[in-house]
Amino acid sequence: MFGLGLPELGIIALVAVLIFGPKKLPQLGSSLGKTLRGFKEELKNPSDENDSEKHDSDREDK
């Protein structure tokens, strides 16, 4: 996984605990998971926001 071994992941986890504290880590993990899930869904099914904006600007020009 990105060339990271167990020691490197352990150091990253330790630094995260020191910076954010053990009480905040589950909240951060949850919000990161939701963000990544939403990002993946948008990549699979792009929204039509850009298309609707184009149609709205076309209507204003006429």
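Figured I'd write up the structure that's included with this text. (Residues numbered from 1 in each chain as written. Predicted model: local features only at pLDDT ≥ 70, side-chain atom pairs only at ≥ 80, totals over all residues. Heavy atoms only, no water.)

Thoughts on the overall build of the chain
Thought 1: Each helix and strand counted, the chain has three helices and zero strands in total.
Thought 2: Each helix (α) and strand (β) of the chain, taken in turn from the N terminus, gives the series α-α-α.
Thought 3: For the chain, buried positions account for 2% of its 62 residues.
Thought 4: Entry remark: accessible area of the chain is about 6,000 Å², with carbon and sulfur atoms responsible for 62%. (Helix = DSSP H or I, 4+ residues; strand = E, 2+ residues; numbered from the N terminus. Buried < 20%, exposed > 50% of the residue type's maximum accessible area, 1.4 Å probe, protein only. Areas by Shrake-Rupley, 256 points an atom, 1.4 Å probe, with all protein chains shown as cover.)

Quick look at helix 2 (residues 25-44)
Thought 1: Compared with the 28 Å implied by 1.5 Å per residue over 20 residues, the 28 Å span of helix 2 between its first and last C-alpha is a close match.
Thought 2: For helix 2, the tally of buried residues reaches only zero of 20 residues, placing the bulk of the element at the surface. (Expected span 1.5 Å × (residues − 1).)

Things to note about helix 1 (residues 6-20)
Side chains that are three or four residues apart share a direction in an α-helix, a result of its 3.6 residues per turn.
Thought 1: When the terminal C-alpha atoms of helix 1 are compared, their 21 Å separation across 15 residues agrees well with the 21 Å that a helix rising 1.5 Å per residue should span.
Thought 2: Backbone geometry just after helix 1 places Gly 21 at a positive phi near 85°.

What to know about a nonpolar patch on the surface
Thought 1: A cluster of nonpolar side chains, contributed by Ile 11, Val 15, Ile 19, Phe 20 and Leu 28, occupies part of the molecular surface with about 460 Å² of accessible area.
Thought 2: A total of four residues in the nonpolar patch trace back to one element, the largest contributor, which is helix 1.
Thought 3: Note that Ile 19 resides in helix 1. (Patch = residues over 30% accessible without salt bridge, like charges linked within 9 Å, V, L, I, M, F, W, Y side chains within 5 Å. Salt bridge = Lys/Arg side-chain N within 4 Å of Asp/Glu carboxyl O.)

Honestly, that's just the spatial picture; any functional story needs more than this.
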